[in-house]
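# Architecture and fold: a report
Okay, here's what each chain looks like letter by letter:
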Amino acid sequence: MPAAPQRPDPSSRIDTRIDAVVHLGFAVLMVASAVRYVMRHSPADNLWTVALAVAVCALYVVTALLTQHPQPTQHRNPMQRQQTQNRELWLFALVAAWAALVIAAPSFAWCSFAIFFLSRTAFQGWAAYLAGGATAAATAVGLFRMSGWTDVAMLLGPLAAGALLTLIYDKIERDAALQRKLFEDVTQAQERLAASERTAGIAAERERVSREIHDTITQGLASGLLLLEAAQRSWPDPAAQQEVNKAASLLRGNLAETRSLVHELSAPGLETAPLHEALERAARQYLHHVLVQVTGETRPIPSEVRHALLRVTQSAVANIKLHAHADNASVTLGYLPDAITLDVFDDGRGFDPGAVPPPSETGGYGLRAMRQRIEQLGGELSVESTPGEGTIIAAQLPLPALPEATSPSYPSKESL
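Residues numbered from 1 in each chain as written. Predicted model: local features only at pLDDT ≥ 70, side-chain atom pairs only at ≥ 80, totals over all residues. Heavy atoms only, no water.

### Focus: the packing of aromatic side chains
All told, the structure shown has four aromatic pairs when counted by the stated rule. Ring geometry for Phe-26 versus Tyr-60: centroids 3.9 Å apart, planes at 5°, classification stacked. Residue Phe-26 is found in helix α1 (residues 10-40), and its partner Tyr-60 is found in helix α2 (residues 43-66); the two are separated by 34 residues along the sequence. According to the relative accessible area criterion, Tyr-60 is buried, its value standing at 4%. Judged by centre distance (6.1 Å) and plane angle (40°), the rings of Tyr-37 and Phe-108 are tilted. Taken together, the residues span a long stretch of sequence, with Tyr-37 in helix α1 and Phe-108 in the loop between α3 (78-104) and α4 (112-122) at a distance of 71 residues. Both residues of the pair, Tyr-37 and Phe-108, count as buried. (Phe/Tyr/Trp six-rings, centres within 6.5 Å; stacked < 30°, edge-to-face > 60°. Helix = DSSP H or I, 4+ residues; strand = E, 2+ residues; numbered from the N terminus. Buried < 20%, exposed > 50% of the residue type's maximum accessible area, 1.4 Å probe, protein only.)

Pasting the structure below:
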């Protein structure tokens with residue numbers, strides 16, 4: 001099964017848009033600050049300041065390109081660690097050049113915000129705090145110098161703004177890390193859930209196929225084996241030929257069941273005939289003298305209910321053939337207003353339901369498979385048996401209730 005495509009982390013797209021806004025803001029503020037400075041100072045002052053501003057822009061571009069794809073702090077290989085060191089060196093050079101520019105020309109102080117966010121993107125831990133603090137301190141010194149070293153607000157304002165931005169940025173980083181962690185946890189949980197569902201689906205399908213095989217192929221082969229063993233014991237008596245013919249007929253039907261199981265997992269002929277006829281045909285594959293009766297008013301039933309009743313009948317009658325040694329057996333199908341019932345009775349030797357051995361290679365799947373079939377459809381299955389007094393297997397499955405205008409007839413038995 002192909003792996004599901006990984007969804008992109010939404011936080012990465014948001015980070016990309018924020019970086020684009022920061023870079024655009026730096027460009028706009030840098031141009032505006034340069035124009036302001038040139039208009040307020042002489043050409044002699046402009047030359048060196050503009051040259052330093054150009055150097056700052058160049059360093060900013062290089063640093064911004066290097067910080068486009070930062071590597072995680074853990075599991076770095078030597079090449080990645082070298083790239084990180086190079087990026088940090090470029091940013092240190094940018095912060096140093098920026099500090100010189102803003103102290104010499106405080107008109108460029110507005111660009112401090114972009115430098116601050118770029119330094120937080122490129123650095124982590126103490127280096128990020130150092131670069132951010134240096135940016136805020138240089139801005140404070142430049143503005144305090146511009147005020148003639150008299151306006152304390154010019155000194156304290158940038159420092160307070162830097163501290164506030166640091167706290168806010170730390171909160172944003174913690175929230176982003178938590179979001180990424182939650183995203184990873186949800187993705188892993190979805191993968192585990194998908195794997196669990198696949199495993200459960202495989203187990204359920206294996207269980208279903210095992211029930212189908214038990215109720216059709218296994219039971220048919222066991223009955224055919226009994227007939228052939230009986231023919232062997234009575235050979236060359238003429239009755240042996242009759243036993244062999246019965247075994248051949250049963251095995252041919254079993255072959256048809258096998259082919260049907262491979263293609264559609266349904267019983268050929270049994271799924272389209274009226275239910276009581278299908279039950280009679282399924283039961284008489286194993287016991288020709290079984291009596292099938294119907295009570296209540298017949299009506300259409302869901303295909304899954306029909307299939308379950310057919311398989312339960314096959315399995316129960318096959319068990320009568322193999323184990324009960326009964327003189328009489330009967331199958332009763334009952335239609336109720338909101339349910340359908342199935343009773344399989346035999347007057348054989350019976351058994352103790354509480355002492356049934358667990359399933360093994362030698363058998364023991366029949367009762368468990370019947371119970372699972374019925375309970376999966378919301379029904380109930382009970383087994384009443386006592387050694388020497390026969391057995392009754394009773395199943396009841398819910399059906400959609402009849403309309404109120406329909407008055408169901410009182411049960412009347414009809415022998416088939």
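Text resumes after the structure shown.
### Some details on the pattern of salt bridges
Inspection of the entire model under this criterion finds three salt bridges. The residue Asp-175 makes a salt bridge to Lys-171 at a minimum N-O spacing of 2.7 Å. Taken together, the positions of Asp-175 and Lys-171, both in helix α6 (residues 152-234) and four residues apart, correspond to about one turn of that helix. Look at Asp-175 and you get partly exposed, because its relative accessible area is 38%. By relative accessible area, Lys-171 is classed as partly exposed at 41%. Note that Lys-181 and Asp-185 form a salt bridge whose closest N and O atoms lie 2.9 Å from each other. One end of the pair is Lys-181 and the other is Asp-185, both in helix α6 and four residues apart, which spans about a single turn. In this structure Lys-181 comes out as partly exposed when scored by relative accessible area, which is 43%. (Salt bridge = Lys/Arg side-chain N within 4 Å of Asp/Glu carboxyl O.)

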